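# Coordinates in review
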Amino acid sequence: MPAANFSIRGAIARAVRRFRHGEDGIMSVEAMLILPLLYWSMLASYTYYDAYRQSSRNIKGAYAVADVVSREDGNVTEAYVNTMYDLLETLVDTRAPVTLRMTYLTFDAENDIHNVLWSCVRGTGLPKWSNADIDDIKPRLPAMPDNGSMIVVETRNTYRPPFYIAFEFAEFDMNNLVFTHPRVFDNIVNTDPSCVV
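So, here's what we can say about the structure. Quick caveat, the model's predicted, so the values are computed rather than measured. Throughout, a residue's number is its position along its own chain's written sequence, starting from 1. Only residues with pLDDT of at least 70 are given local features in this predicted model, and only at 80 or more are side-chain atom pairs given and counted; all residues enter the totals for whole chains, interfaces and linings. In computing side-chain properties, one takes all heavy atoms of the structure into account and sets aside hydrogens as well as water.

Right, let's get into the overall build of the protein chain. To qualify as a helix, a DSSP run of H or I must reach at least 4 residues; to qualify as a strand, a run of E must reach at least 2; elements of each kind are numbered from the N terminus. Counting secondary structure elements, the protein chain contains three helices and four strands. Put simply, the protein chain runs from its N terminus to its C terminus through helices and strands in the order α-α-α-β-β-β-β. Atoms counted for the radius of gyration: C-alpha only. Globule rule: 2.2 Å times the number of residues to the power 0.38. Against the globule reference of 16 Å for 197 residues, the protein chain gives a C-alpha radius of gyration of 31 Å, more extended than a compact globule. On the principal axes, the C-alpha backbone points of the protein chain span a range of 110 × 35 × 25 Å. Per-residue accessibility, obtained with a 1.4 Å probe over protein chains only, is compared with the maximum for each type, and a residue is labelled buried under 20%, exposed over 50%, and partly exposed between these values. When each of the 197 residues of the protein chain is scored for burial, the buried share is 35%. When checking whether two residues touch, look at their non-hydrogen atoms; a contact exists if any pair is within 4.5 Å. Restricting to contacts in the protein chain with at least 6 residues of sequence separation, those with at least 24 account for 68%. As presented, the protein chain carries roughly 12,200 Å² of accessible surface, and 59% of it is formed by carbon and sulfur atoms. Counted charges follow a simple rule, with Lys and Arg positive, Asp and Glu negative, and His plus the chain ends left uncounted. In plain terms, the charge of a residue is placed at NZ if it is Lys, CZ if Arg, CG if Asp and CD if Glu. Taken as two groups, the 18 positive and 24 negative side-chain charges of the protein chain have centres that lie 20 Å from each other. Computed by Shrake-Rupley with a 1.4 Å probe, the accessible areas treat only the displayed protein chains as cover when residues are assessed.

Read from one edge to the other, the open sheet built from four strands follows the order β2-β1-β3-β4, with strand pairing classed as antiparallel. Among the strands making up the open sheet, the edge pair consists of β2 (113-122) and β4 (172-180). Between one strand axis and the next, the sheet turns through 20° on average, direction left out of account. Where strand β1 (residues 98-108) meets strand β3 (residues 149-159), nine bridges bridge the pair, whose relative direction is antiparallel. Pairing of Thr-99 across the sheet is with Arg-156, part of β3. Here the axes come from fitting lines to C-alpha atoms, over the contacting stretch only for helices, and the angles between their N-to-C directions go from 0 to 180 degrees. Contacting β1, β2 and β3, helix α3 (residues 78-92) crosses the sheet at an angle of about 125° to β1. At least two DSSP bridges between two strands are needed for those strands to be called paired.

With that settled, the discussion passes to unusual backbone geometry. Phi at Asp-112 takes a positive value of approximately 55°, unusual for a residue other than glycine. Mapping Asp-112 onto the fold places it in the loop between β1 and β2. When its relative accessible area of 41% is taken as the criterion, Asp-112 is described as partly exposed. Here the phi dihedral of Asn-147 falls at roughly 65°; this positive angle occurs in a residue that is not glycine. Secondary-structure assignment places Asn-147 in the loop between β2 and β3. A relative accessible area of 63% means that Asn-147 is categorised as exposed.

In this section: the nonpolar core. Side-chain atoms within 4.5 Å are what join buried Ala, Val, Leu, Ile, Met, Phe, Trp, Tyr and Cys residues into a set we call a nonpolar core. Judged by nonpolar contacts, the single largest core of 22 residues is most densely connected at Val-65, Val-69, Met-84, Leu-100, Met-102, Trp-118 and Val-153. Among the secondary structure elements, those contributing two or more residues to this core are α2 (26-70), α3, β1, β2 and β3. Looking at which element gives the most residues to this core, the answer is α3, with six residues. Once residues lying within four places of it in the same chain are set aside, the contact partners of Met-102 are Val-65, Val-69, Val-81, Met-84, Trp-118, Ser-119, Cys-120, Val-152 and Val-153. With 11 residues, the next largest nonpolar core counts Leu-105, Trp-129, Ile-134 and Met-150 among its residues.

Before going further, it helps to examine the packing of aromatic side chains. Between 30 and 60 degrees the pair is tilted, below 30 it is stacked and above 60 it is edge-to-face, where a pair is any two Phe, Tyr or Trp rings, Trp via its six-membered ring, whose centres lie within 6.5 Å. Applying the stated criterion across every chain yields a total of two aromatic pairs. On the basis of an interplanar angle of 10° and a centroid distance of 5.8 Å, the ring pair of Tyr-104 and Trp-118 is categorised as stacked. Of this pair, Tyr-104 sits in strand β1 while Trp-118 sits in strand β2, placing them 14 residues apart in sequence. Assessed through its relative accessible area of 0%, Tyr-104 is described here as buried. You can call Trp-118 buried: its relative accessible area is 4%. Plain terms: the ring middles of Tyr-159 and Phe-172 are 5.5 Å apart, the flat faces sit at 45° to each other, and that makes the pair tilted. Placement of the pair is Tyr-159 in strand β3 and Phe-172 in strand β4, with a sequence separation of 13 residues.

What follows is the structure, encoded as structure tokens:
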């Protein structure tokens, strides 16, 4: 009986030594540990790429709208503003609503003030600019000559990530402000009643 106990203990000791020194299954354990990180990094890479792509589309859409309006040589009507908004939505092509604010202003150098001649908003979340509150963006506007005119186009779009990847990366607003000088006529008249300030 003592010999049997000794052989059982020896067999258990050998099995424990084999288990301790054995490397079978290490690849499977490592794969199980690294796969979640690999999947997360793929989703995070795609989400960050998608955010930069959306930001690029927003700014390009704002530049396109500003360029089209700057070449206007007639009256800006309600249908014209709606068409510009439709153009922006097509260019941006996003999962969230887009807001457009177009403003036409002049500069009075003697009094150092901007005068809003008209301001149009399509979408939600942005109010029309008026003479009372246009100074809120004065630091973001370029230097202008006396009686100079400018078209300011602002876009806003809420970015909705395709995957939630933690680290507080949730929905956020993408805001763009683009300004340009009228290319044809210095006075672009707006006949849309909703744009009167």
